[in-house]
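Architecture and fold: a report
Read off the chains here:
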Amino acid sequence: MIPGICRSITMVWKLIHFSSLFIGALSSLSPSTPPSTSEKSGPCQIYNSGRFADCHGRQLDSVPRKQFPTTLENIDLSYNELQAIRAADFQHLPQLRILQLQFNNISCIDNEAFKNNTLLEHVDIFNNSLQYIPAIPLTSLLNLKKLYMSNNLYKHATLAESFSKCVKLQVLSLGGPLVMGLKKNDFQPLKNIKLQGFAIKCSSNLSYYEPGSLEVIQTQQMGFDMAIDQRPDAFYHMLRDLANKRIGIIQFRNLFEFMYYMGKEDVFQGLKDITAHQLIFHRGKFNENLLRMALMNLQGTHIKNLRLQYIDFARSPTFVNSGASSSITNLTLDRLDLWYISNPDVLRFDWRFTWFKKIKKISIQYVYFNSVPCDSWTEMELVEFLDVSNNGLKDDILYNKRCDYRGTMQNLHTFNLSTNDLTSLKELSLLTKEFRNLQVLDISHNKLGSATASEGCVWKQNVTHLHAHHNQFVSEAVNCLPTTMYYLDLSYCDLDQLDMAYFKKATNLKHLLLSGNKIKFIPSKWESPCIQYLALDGNSFGLINKASFEDMPQLTQLRAGNNPYHCTCELHAFVQDTTTKGKVNLTDWPWNYRCYHPEAFLNTFISKYFPGQVACDIRLVIIISVATTAAVILILVLICYIFDLPWYTKATYQIIRAKYRAHKEKAAGDLGTFTYHAFISYSHSDADWVRDQLLPCLENNRNPYRLCIHERDFMPGRWIIDNIIENIESSRKVIFVLSRHFVNSEWCNYELYFAQQRAMGKSFSDVILVVKEPIEPSSLPSKYCKLKKMLSTKTYLEWPQQANQQPFFWAQLRSVLGKPTMTREGTHSVRSRNSSQGISMTEPPVEERVPEINIPGENNTENSYERIGTAL
């Protein structure tokens, strides 16, 4: 009858659809009609080259089939407002394999809705409003592997015979809140189908259960969502139907949903014949009597894993602690999980911990127990794995100083204390130091690592794996950790530096995780001989180089991305050396390695950072620097040689000094009125140079100098000595033309002597030395000691042999002489230039130089000077 109603609804819908198409065709004749929407536009997102359509949660009230390309293989239409699935919705999708329609309001599926979708393998119509099991629409789906259709509104769970053809079916869930019970023939079509998972949901008020209803089910996992509050006896028949079946996991959800079982009949007596590997009680109400029944029947069974999760546990009002020993003494389990239990009294439901005695693995999470009695440690003598994470444990709850832990937990291998409120490493070490086989310790997500609570730690020398991530470690606290570890995880512990002393002691450490800390630098001499895997990603250091890990000979894997790297030559050299040699594998290379500094390379991938070879090769830099420096020096030397730069520099310096001295003399008032600007002392052998070079350059100018030379300006008839003294005194400066001939001249020595006497008590700034040819001061006779000193201490002018340097020489000399100023006219001087032409330096008139003495046979002026000097 229900299929007939659905067909009539379908006919009405087709009529409405045809009318809308007809109206749309008529309206398309209007010129104002907007263009039709393309198949790609619509509420859904098409991915994976047209193979996946995401229509999840779009508030759709109908299937947007026009948007779907024919290549679709997967459609997600869950969490919408669909009310029906029509025959035309998916008929153009022959490749469709997965269809998700859960959490809609579907009440009807056309019989031919999946006719063209024969490749469908996964159909999910969970939590809809179907009033019948859609057997006819599913008939053509012979490739169906997973079918979820529970939590609908049909009242019976009877499967049609057509389901027997779904031989590939692996997972099936059915039922709903209106299914009041199960009948023996409900699942007969599944008798020859081996499932991986089967789940059945019935009403919270189970009304009936026919024995044998579940006998034909062959599955690896069985799930029941039904409450037996009103029919607890039905549970016995269910367990008998499941007896001796090869089932891996059996889960009971809300077994007692509304009330605690207070009966005396053992509802769990059928557990003895269950051969399942794991039994799960999910939600529901338990008291100590019901829990004792379950545990008593589990003793000696094949069930090795027991889980109680989200259980509402409470003690019976009539329960009395008689003080007798526990009745649970032989519960042998591989694993016991107690998760999200409302009352921590479940741990000692009969005031004993004896039921933990033969359990190998215990996981107690979200129970929030507030005490750990001393006897609990002694009872868990066979426990190898203990997980008490997520319980808000504090140090004083976990470690009781009044307890004697000697000889306890001798088989414990792994201890999980993560996600609690522990703060003291010292108390943790005191608790576990007697656990002689403890190797793996998880203390992550606590508040461990303070300096004050990390002193005096005493660890058993057997801990090899320590998970301590997400704590608050200071660097000093690391020394409180055990040193026997192979594996250490200190990620996200707010570490800002590394204590190298600890790593020198932890000689067995192979895996070290330091991700997500605040480490600012990596020491260059990090000695850890056994480290094979090192994680340093997400820290604050920016520099690493080849020396950072060279003392880790066993290192093969390094994760160091997401750090603020300074892109330098050292980093480039490290990356090149690491990636080319292949000894160390950068596990997160290259996407997590970016430049942070310099700013020009911000966010640049380090794999694309290529500094110049010259900038990074120090040897090449040295070679280029040395070669460049040598070339510059060579060029400078060559320039100096060609252009006589040293000579010009020296000459310029002398000019500047002369100007400075002249300025000082003028400021001191030393400038007086003189007849001559300069008295020139020279040997007769240098007379040609004086007449041809010196006099023309100084006297034949716009501002001529007045010079005194003995050939022209000495007073005839006077003694030579008097002429020398008087003319030196009448001259502002005295110029000595030095040469080898000057040294051999006695009269030149007199003139030098008189000039020195004149300068007595003054500086020798009025004495100008002109070296016409080179003279070694050491070669001078001892009588020229004053000249030796002057040549050694006084700056002199050298006559350059190169013609291009001679103009600069004259400029120097004029600078030393100073500007030519007006001089007083000498009354006894001979100023006729013409008269000087008739005087021969080689044969001077004796009567002119020495009128009182006649020396026949002497035709040399120097000889005349010498004889007069002898007479004196």
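Here, residues in each chain are numbered from 1, in the same order as that chain's written sequence. Thresholds applied to this predicted model are a pLDDT of at least 70 for local features of residues and 80 or more for the giving and counting of side-chain atom pairs; totals over whole chains, interfaces and linings are not thresholded and use all residues. Side-chain measures were taken over the full set of non-hydrogen atoms in the model, leaving aside hydrogen atoms and water.

**Some remarks on the state of the cysteines**
In protein structure, a disulfide is the covalent linkage between the sulfur atoms of two cysteines. Any cysteine sulfur atom paired with another within 2.5 Å is treated as part of a disulfide. With the rule as written, the count across this model stands at four disulfides. Disulfide partner of Cys-44: Cys-55, at an S-S distance of 2.0 Å. In this structure the cystine formed by Cys-44 and Cys-55 twists about its S-S bond by roughly 115°; its chirality is therefore right-handed. With a gap of eleven residues between them, Cys-44 in the loop between helix H1 (2-27) and strand E1 (45-47) and Cys-55 in the loop between strand E2 (52-54) and strand E3 (74-76) connect regions that are remote in the sequence. When sorted by exposure, Cys-44 lands in the same class as Cys-55, which is buried. Disulfide pairing is shown between Cys-457 and Cys-480; the S-S distance is 1.4 Å. Residue Cys-457 is located in the loop between strand E23 (440-442) and strand E24 (465-467), and its partner Cys-480 is located in the loop between E24 and strand E25 (487-489); the two are separated by 23 residues in the primary sequence. Think of it this way: any DSSP run of H or I at least four residues long counts as a helix, any run of E at least two long counts as a strand, and we number them from the N terminus. Between buried and exposed lies partly exposed: a residue is buried under 20% and exposed over 50% of the maximum accessible area for its type, with that area taken using a 1.4 Å probe on protein chains only.

**Things to note about the sheet that holds strand E36 (residues 797-798)**
Spatial strand order, E33-E32-E34-E35-E36: five strands in an open sheet with parallel pairing. Strands at the two margins of the open sheet, each flanked by one partner only, are strand E33 (707-708) and E36. Pairing of strand E32 (residues 676-681) with strand E34 (residues 731-738), which is carried by five bridges, proceeds in the parallel orientation. Bridging from a neighbouring strand, Tyr-676 pairs with Ser-731 of E34. Whether two strands pair comes down to DSSP finding at least two bridges between them.

**Some thoughts on a nonpolar patch on the surface**
Patch definition: residues with relative accessible area over 30% and no salt bridge; like charges joined within 9 Å; nonpolar side chains (Val, Leu, Ile, Met, Phe, Trp, Tyr) joined within 5 Å. For accessible areas, the Shrake-Rupley method is used with a probe of radius 1.4 Å. Any residue's cover is judged against the shown protein chains and nothing else. Any Lys or Arg side-chain nitrogen located within 4 Å of an Asp or Glu carboxyl oxygen qualifies as a salt bridge. A cluster of nonpolar residues, Val-632, Ile-635, Leu-636 and Ile-639, forms a patch on the protein surface that exposes about 330 Å² of accessible area. As for its position among the elements, Leu-636 is in helix H11 (residues 618-643).

**Quick word on the environment of Gln-365**
Structurally, Gln-365 can be placed in strand E20 (residues 359-365). Not counting residues up to four positions away in its chain, the partners in contact with Gln-365 are Leu-338, Trp-339, Tyr-340, Asp-387, Ser-389, Asn-390 and Asn-391. Only heavy atoms matter for contacts: two residues are in contact if any of them lie within 4.5 Å across the pair.

**Observations concerning the side chain of Ser-203**
One can find Ser-203 in the loop between strand E11 (194-201) and strand E12 (208-209). When its relative accessible area of 8% is taken as the criterion, Ser-203 is described as buried. Here Asn-205 takes part through its backbone nitrogen, which lies 3.1 Å from a polar atom of the side chain of Ser-203. Other than its neighbours up to four places away in sequence, Ser-203 contacts Gly-176, Pro-177, Val-179, Met-180, Met-226 and Ala-227. Here a polar contact is recorded for every N or O atom pair within 3.5 Å, except that within protein the pair must consist of a potential hydrogen donor and a potential acceptor, and residues adjacent in sequence are included only if both atoms are side-chain atoms.

**Things to note about the pairing of E20**
Most of E20 is tucked away, with five of its seven residues classed as buried. Sheet topology note: the strand E19 (residues 333-339)/E20 ladder contains six bridges and is parallel. What sits directly across from Leu-338, in E20, is Ile-364. Bridge count between E20 and strand E21 (residues 385-387): three bridges; the pairing is parallel. Directly across from Lys-361, in E21, lies its bridge partner Phe-385. The crossover handedness rule: strands pointing away from the viewer, path from first strand over the helix to second strand clockwise, crossover right-handed. In the classification by handedness, the crossover that spans E20, the intervening helix H5 (residues 374-379) and the parallel E21 is right-handed.

**What to know about the packing of aromatic side chains**
When two rings of Phe, Tyr or Trp (its six-membered ring) have centres within 6.5 Å they constitute a pair, described as stacked for plane angles under 30 degrees, edge-to-face for angles over 60, and tilted for the intermediate range. Summed over the entire model, instances satisfying the criterion amount to 38 aromatic pairs. Between Tyr-79 and Phe-103, the ring centres sit 4.6 Å apart and the planes meet at 10°, which makes this aromatic pair stacked. In this pair, Tyr-79 sits in the loop between E3 and strand E4 (84-85) while Phe-103 sits in the loop between strand E5 (98-100) and strand E6 (108-109), placing the two residues 24 residues apart along the sequence. The class of Tyr-79 is partly exposed, set by a relative accessible area of 44%. Taken together, the ring pairs in this structure connect Phe-224, Phe-235, Phe-252, Phe-268, Phe-281 and Phe-286 into an aromatic cluster. Placement of a positive charge over a ring is assigned whenever Lys NZ or Arg CZ falls within 6 Å of the ring centre and within 35 degrees of the normal to the ring plane. For Arg-283, the ring lying beneath its charged end belongs to Tyr-310, and the centroid distance is 5.1 Å. Over the aromatic face of Tyr-486 sits the side chain of Lys-510, whose NZ or CZ is 5.4 Å from the ring centroid.

**Topic: the pattern of salt bridges**
Here the idea is simple: oppositely charged side chains can pair when their charged atoms come close. According to the stated counting rule, one finds 24 salt bridges in the structure shown. Among the ionic pairs, Glu-711 bridges to Arg-691, the shortest N-O distance being 3.3 Å. Residue Glu-711 is found in helix H14 (residues 710-713), and its partner Arg-691 is found in helix H13 (residues 687-699); the two are separated by 20 residues along the sequence. Classification of Glu-711 by relative accessible area gives buried; the value is 7%. With its nearest N and O atoms 3.0 Å apart, the salt bridge here joins Glu-699 to Arg-712. In this pair, Glu-699 sits in helix H13 while Arg-712 sits in helix H14, placing the two residues 13 residues apart along the sequence. The class for Glu-699 is buried, based on a relative accessible area of 11%. Linked by salt bridges that have partners in common, Lys-201, Asp-225 and Arg-253 make up one network.

**Brief notes about the pairing of strand E9 (residues 171-175)**
Among the five residues of E9, five are classified as buried, and the element is accordingly described as predominantly covered. Both faces of E9 are covered, namely the face carrying Val-171, Ser-173 and Gly-175 and the face carrying Leu-172 and Leu-174. Pairing analysis gives three bridges linking strand E8 (residues 146-148) to E9, with the strands arranged parallel. Counterpart to Tyr-148 in the pairing with E9 is Ser-173.

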